[in-house]
Structure formats: structure tokens, C-alpha cells
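Chain by chain, the residues run as shown.
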Amino acid sequence: MASEDVVGKTTGESAVSTIVNLAEEAKLASEGVKAPGHAILSVCKSLVAGGVAGGVSRTAVAPLERLKILLQVQNPHSIKYNGTIQGLKYIWRTEGFRGLFKGNGTNCARIVPNSAVKFFSYEQASRGILWLYRQQPGNEDAQLTPLLRLGAGACAGIIAMSATYPMDMVRGRLTVQTDKSPYQYRGMFHALSTVLREEGPRAIYKGWLPSVIGVIPYVGLNFAVYESLKDWLLKTKPLGLVENDELGVATRLACGAAAGTVGQTVAYPLDVIRRRMQMVGWKDASSIVTGDRRGKASLEYTGMIDAFRKTVRHEGFGALYKGLVPNSVKVVPSIAIAFVTYEVVKDVLGVEMRISD
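The following paragraphs examine the structure supplied in this document. Just so we're clear, the structure is a prediction, and the values are computed from it rather than from any experiment.

Before going further, it helps to spend a moment on the environment of Ala160. Among the structural elements, Ala160 can be located in helix 6 (residues 146–175). Separated by 40 residues in the primary sequence, Ala160 and Phe120 place their C-alpha atoms 9.6 Å from one another.

Looking now at the pattern of salt bridges. Applying the stated rule across the entire model yields 15 salt bridges. The shortest N-O distance in the salt bridge between Lys68 and Asp271 comes to 3.0 Å. Pair noted here: Lys68 is in helix 3 (residues 62–73) and Asp271 is in helix 9 (residues 249–279), with a separation of 203 residues, a long-range link. For the pair Lys68 and Asp271, a shared accessibility class is recorded, and that class is buried. With its nearest N and O atoms 3.4 Å apart, the salt bridge here joins Asp306 to Lys310. Taken together, the residues span about one helical turn, with Asp306 and Lys310 both in helix 11 (residues 304–315) at a distance of 4 residues. A single network of salt bridges, built from pairs that share partners, joins Glu65, Lys68, Asp168, Asp271 and Arg274.

Checked against the element boundaries, Ser121 lands in helix 5 (residues 104–134). The residues contacting Ser121, other than those within four sequence positions of it, are Ala156 and Ile159.

Here helix 8 (residues 208–236) spans 41 Å end to end across 29 residues, near enough to the 42 Å set by a 1.5 Å rise per residue. The principal kink in helix 8, of about 35 degrees, is found at Val215, preceding the proline Pro217 by one to four residues. Just past helix 8, the residue Lys237 takes up positive phi, approximately 50 degrees.

A separate point is the packing of aromatic side chains. One pass over the full model with this rule turns up 11 aromatic pairs. Each ring, one from Phe119 and one from Phe339, has its centre 5.8 Å from the other, and the planes form 90 degrees; the classification is edge-to-face. You can see Phe119 sitting in helix 5 and its partner Phe339 sitting in helix 12 (residues 324–349), a full 220 residues away along the chain. Taking relative accessible area as the criterion, Phe339 reaches 4% and is therefore assigned buried. These aromatic residues form a ring-pair network of at least three members: Phe119, Tyr122, Phe223, Tyr226, Phe339 and Tyr342.

Turning our attention to the packing of helix 8 against helix 12. Helices that pack against each other are described as a pair by the angle of their axes relative to one another and the distance between those axes. Here helix 8 crosses helix 12 at 60 degrees, and the two axes come no closer than 12 Å. The orientation of helix 8 relative to helix 12 falls into the category oblique. Relative to helix 12, helix 8 is oriented so that their crossing is right-handed. Across from Tyr218, Asn222, Phe223, Tyr226 and Lys230 in helix 8, the residues of helix 12 making contact are Val331, Ile335, Phe339 and Glu343. Here the residues of the contact of helix 8 with helix 12 sort into 6 nonpolar, 1 polar and 2 charged.

What counts, and where the lines are drawn
- Residues numbered from 1 in each chain as written.
- Predicted model: local features only at pLDDT ≥ 70, side-chain atom pairs only at ≥ 80, totals over all residues.
- Heavy atoms only, no water.
- Helix = DSSP H or I, 4+ residues; strand = E, 2+ residues; numbered from the N terminus.
- Salt bridge = Lys/Arg side-chain N within 4 Å of Asp/Glu carboxyl O.
- Buried < 20%, exposed > 50% of the residue type's maximum accessible area, 1.4 Å probe, protein only.
- Contact = heavy atoms within 4.5 Å.
- Expected span 1.5 Å × (residues − 1).
- Bend = angle between axes of the 7 residues up to and from the residue.
- Phe/Tyr/Trp six-rings, centres within 6.5 Å; stacked < 30°, edge-to-face > 60°.
- Axes fitted to C-alpha atoms, helices over the stretch in contact; angles between N-to-C directions.
- Parallel < 35°, antiparallel > 145°, perpendicular 65-115°, else oblique.
- Left-handed = near helix turned anticlockwise from the far one by under 90°.
- Nonpolar A, V, L, I, M, F, W, Y, C, P; charged D, E, K, R; others polar.

What follows is the structure, encoded as C-alpha cells:
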């Protein structure tokens, strides 16, 4: 009899515990708080959406990305091509179709985690910055402003760039190799191990400072312009661009294009300096970008400021914008595709977070 009482008591406690747990879960759901497992799944989905967005957008514009880097580091004493069309034709003629996509595998290996971290970091940073802003008296009901979005985007860009910079450095060196060049790197891992062995660990972060400085306005403006344009269009609803309180794909692509144009124009000189600093310490770097061993130019810089000064003194101010045209043609669709792909994949995966929350 006593054992039956114990069993009955245990069963009763178990039932009460189950009811309490269900009540707690219902309370959490009503307050909008996600269970730990749901939160982890949401984070994973957001990272996947960001990674897919980065891979799709970069592959779509890979030929222009390679041409941009070749123009940025091209030896001024042995110029092979000047414009976008001429450069693409030269690559096609000398290296064929595969030459247009050289370095894209490494680029995707870098951009997929970079994009995943960037989009996720932006969402978290925007939430954190908005929470801090609302702690100020009178801002309890404040929403994200363009300036707050700029700050969140800058934080996201710095985190993503720093986390994946060694891949970017290696990708830059792989990209400038041509079929006529004395090949030094056979692939991503070979390049990374060679740089570490011959130039030391610090070499994989060459050009990091201008990269971080450049990523602040670049990524910051991308997010700020894109999100602010979307909000403005949803509020004003001009020219019938808003249907059922939602923006169409074409309209969102246009917002992304505008964001990419503004961001890359402001940050482009720092991108040029970053690429040039990444070539420092690489023997035969000048011959690799020109495809021969004639007319080498000095690639020695003591730092970011020195690289700026030598570039402008030897090649003029315009050298800071070498490759801007193919980069503009590349960035406009790339940023637009990245933003729209991210949002579409999030919708498909059922991610409930929004960038502008």
C-alpha cells in the first residue's frame, strides 16, 4: 500500500511538473522569448541565408571581380589593358573562359563565411545599438535611424572582415596570377601555407588596417542606405512601388544597387591600397600581374600612409580609383543580389528576424 502511495505521489509530481513546464513554455511564447533550441536554429538559418547570399552574389560577378583586382595591382610601366571590355577580352584571349573565374573558389570560400557573419552581426549589432539608444531618456519608443544603422553596419563589417581576412589576402594573390606568370601558389591552402612559411604569420594580415578603415563606410553605408531606402519607400509608397505593404524584388534590387554604389565609391581608394599592401613580400609580384619579368615597379611599403603617398606620387591621384568602373559594374548587382537573396532565403527557411528590427 505504501509503495502504491509512493508511485501515486511520483506520478502526481510528474504531472504537475509537466503542467508547469507547459505553462512556462506558453508564457515564453506569449512574451516572444524563444526556447534555446529554437534560438540556435534561428541563428543557424540566419547564417545559412547570409552564406548563400554571399556565394550567389559573388559568383554572378566573378569575372569583374578578377578584372578589378588585376587593374588595381597592374604594373604602371607595362600596362596590358585600360578598360573593362578590353580587360575582359584580354583575359578571355590569354586564359580562356576559366580565366574569368580564376580565384572564385577561394573567393567563395572567403565570402560565404564573411557574408554569413556580416549579416548575422548586423542583426545583432542593430538590436544591441537600438537597445542602448532606448535607454536614454525620451528614446523609449525610438526606432533605428540611418546613423544607428551606419554604426551597426560598421560593427558587422569589422567583425566579418577580421574573421576572414587571411582568406581575402590569399584570394588576392591567387587572383592576380596568370597563365604566363611564374606560378607560386597552386591553391588556397598551398598559398596560405607558403605565405606563413616564407613571410611569417603577420603577412596574412597585411593590408588589414586600410581594410578595416575602408569597411566602416563601405559596409556601414551599404546597410544604412539599403534599410533606410526600404523604410522610406514603405512609408511614402511612391509611384506604386509598394504592394500589400511589401516591396517587390525589382524595387529591393534597386535599393541594393544604390547602397552598393554609395558604399564602394567612398571606400574604393582604401581597397586599392589594401590590394597593393597584400602584394608586399611576394617575390615576382610585379611580373605576376603583368605576365612577364620586364618593367618591375617597387612594391615595398612601410605602411598604409606610405602606400598612399607612393601610389599618388608615382602614378597620380587617379591610381586610387584604378578598376573603379569594373568594380562599379560588379558592386551594383552584387550588393543588390546579396541583399535580396538573403531576404528570400530567410523567408524560405522561415527565419523570423528582420534586419530592421
